[in-house]
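Residues per chain, in single letters:
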Amino acid sequence: YSHQSPKKQLCITMSSNGAYARYTANQGANQGATQGGTNPYGQPGYGGAATAGYGQSGYGGGYGAGPTAPGYGGGAPSYSAPAPSSGGYAQPTDMNMNDTSEDKSKKGKRSIALQSLNKNVLIWAGFFTVSLFVYFLMSGGDFSFLMTYGAMSRMFGFGILNVKTFKSQRATGVSVKTLQLYCIVFFFRLTSIIRHEGYLPYDKSGDWLYHFIEIMAFIFAASALYGCTVPFKSTYQADCDRFGEFNVPPGFGAVYLAVPILIVAMCLHPSLNADFLSDVAWTYAMYLESVAVIPQLYMFQKQSNGVVELLTAHFVAALGFGRVMEFTFWIYSYHELATSSGSALPGYLAIISQFAQLVLMVDFFWYYITAVKNATPLVLPSHAGGNMV
């Protein structure tokens, strides 16, 4: 222990010669350490003629000092620092840069997702705000306001579809057959409610507001159909919108829904208007609306990537929400839809048809809510096999 002072001197000298030079001791310190007798790790001292321990076969050859580099001491410097630009020292810098770029990318994606979520919230928040305004200022608060509310939701959905079609100037993902069927629905319903009052809401909104909403929905549906078939026809995906195209000209697959349901409506219809044509027209509109969304769901399944544009999804969701409102109303009022002979079969048929539509849309609603909540694209599973319709 009598040589503790030279060791301290050695440590001080090493730390004063730069970041890499601390492994090379000065000659005076080495000489002082060598005079101290036998080193327990090898031959005398740290340097000189040491052949074991920390000598030539130890740290001296381990850091690239060359095959003849002696340990800590000796005639030549024992350590040669690698260039800062070598691969061993450059990798951490590249990894840090990659991590930084990935963090920025994730933040950008989260920002885009947040903006999309805000747009979704604003769309529906606007609709519900208008709904409250209509209910408190233009309604008498009667339970039949649910019919008006359902009609508002349909009009809202077709309004979104027009914004999507004409703003993007694309008809991708939209079923022309569904638009055709809804135009028929609105036309026949208007021919009934404009001439007679038997199927109007008893609520104050049934005086004129319900008529106005149905007229606007008809205009929006016809406008969307025009956009998909005339100015933006080149973007219409006819190869995906092939529901019912069997032994009929292309684009006429909707007849397999429209014609049979017309026959059913002529045979089974209520008589609230006491007018055959008016009663059949209203009943036909109700039955047909229950299946009008099927071609659109079928088209979703046939799209190659299964991704549904969010505005198109809003359109379908609004139609479904409107159907939920009307189904809630008719659950309590179906007994009013009786035939002239008193049979309640038309009422039961109306409930069954509306419930069937909601069952068909259960999967869609689930994935729609998930997509809106997470601000992600709506992706339907099994789009090749088709498990929704």
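Look above for the structure.
Residues numbered from 1 in each chain as written. Predicted model: local features only at pLDDT ≥ 70, side-chain atom pairs only at ≥ 80, totals over all residues. Heavy atoms only, no water.

(A) The arrangement of the overall build of the chain in detail. Looking only at helices and strands, one finds twelve helices and two strands in the chain. Secondary structure elements in the chain, listed N-terminal to C-terminal, are α-α-α-α-α-α-α-α-α-β-α-α-α-β. With 389 residues in all, the chain has 41% of them scored as buried. A separation of at least 24 residues holds for 72% of the contacts in the chain among residues at least 6 apart in sequence. (Helix = DSSP H or I, 4+ residues; strand = E, 2+ residues; numbered from the N terminus. Buried < 20%, exposed > 50% of the residue type's maximum accessible area, 1.4 Å probe, protein only. Contact = heavy atoms within 4.5 Å.)

(B) Inspection of the side chain of R154 at higher detail. Take R154: it is sitting in helix α4 (residues 145-168). Only 3.1 Å separates the side chain of R154 from the side chain of E289, close enough to count as a polar contact. Setting aside chain neighbours within four positions, we find R154 in contact with Y182, F186, R189, E214, E289, A318, L319 and E326. (Polar contact = N/O pair within 3.5 Å; in protein donor to acceptor, adjacent residues only side chain to side chain.)

(C) Structural view of the packing of helix α8 (residues 276-289) against helix α10 (residues 310-333). Running from amino to carboxyl end, α8 crosses α10 at an angle of 125 degrees, the nearest separation of the two axes being 12 Å. It follows that α8 is oblique to α10 by the angle criterion. For α8 against α10, the interelement crossing comes out left-handed. Touching W282, M286 and E289 of α8 are R323, E326 and W330, all from α10. Looking at the contact of α8 with α10 residue by residue, the class counts come to three nonpolar, no polar and three charged. (Axes fitted to C-alpha atoms, helices over the stretch in contact; angles between N-to-C directions. Parallel < 35°, antiparallel > 145°, perpendicular 65-115°, else oblique. Left-handed = near helix turned anticlockwise from the far one by under 90°. Nonpolar A, V, L, I, M, F, W, Y, C, P; charged D, E, K, R; others polar.)

(D) Looking closely at the packing of aromatic side chains. Taken as a whole and judged by the stated rule, the model has 31 aromatic pairs. Measuring from ring centre to ring centre gives 5.2 Å for Y135 and F145, while their planes differ by 65 degrees; the resulting arrangement is edge-to-face. Of the two residues, Y135 sits in helix α3 (residues 87-138) while F145 sits in helix α4, which places them ten residues apart along the sequence. Judged by centre distance (5.1 Å) and plane angle (65 degrees), the ring pair of F158 and F315 falls under edge-to-face. Here F158, found in helix α4, pairs with F315, found in helix α10; they are 157 residues apart in sequence, far enough to count as distant. This pair shows no difference in class: F158 is buried, exactly as F315 is. Through a chain of ring-to-ring contacts, the aromatic side chains of W124, F127, F128, Y135, F136, F145, Y149, F156 and F321 assemble into a single cluster. (Phe/Tyr/Trp six-rings, centres within 6.5 Å; stacked < 30°, edge-to-face > 60°.)

(E) Inspection of the side chain of D203 at higher detail. Along the chain, D203 falls in the loop between α5 (176-193) and α6 (209-229). Among the polar contacts listed, one links the side chain of D203 to the side chain of S139, at a separation of 3.0 Å. Not counting residues within four places of it along the chain, the set of residues in contact with D203 comprises S139, G140, G141, D142, S144 and F145.

(F) Examining the pattern of salt bridges more closely. As enumerated under the stated definition, the model contains 13 salt bridges in all. R242 is the partner of E245 in a salt bridge, and the nearest nitrogen-oxygen pair spans 3.8 Å. The exposure class of R242 is partly exposed, given its relative accessible area of 44%. The residue E289 makes a salt bridge to R323 at a minimum N-O spacing of 3.4 Å. Of this pair, E289 sits in helix α8 while R323 sits in helix α10, and the two are 34 residues apart along the sequence. This pair shows no difference in class: E289 is buried, exactly as R323 is. Here the salt bridges share partners, and the residues they tie into one network are R154, R189, E214, E289, R323 and E326. (Salt bridge = Lys/Arg side-chain N within 4 Å of Asp/Glu carboxyl O.)

(G) Region of interest: the nonpolar core. Grouped together as the largest cluster of nonpolar side chains are 77 residues, with contacts concentrated most on F158, L179, V316, W330, F364, Y368 and L378. Other than its neighbours up to four places away in sequence, L378 contacts G306, V307, V308, A313, F364, Y367, Y368 and A371. (Core = buried A, V, L, I, M, F, W, Y, C linked by side-chain atoms within 4.5 Å.)

(H) Summary view of unusual backbone geometry. The phi torsion at Q169 lies on the positive side, around 55 degrees, for a residue other than glycine. Looking at where Q169 falls in the secondary structure, it is placed in the loop between α4 and α5. The residue A274 is not glycine, and still its phi comes out positive at about 55 degrees. Along the chain, A274 falls in the loop between α7 (255-267) and α8.

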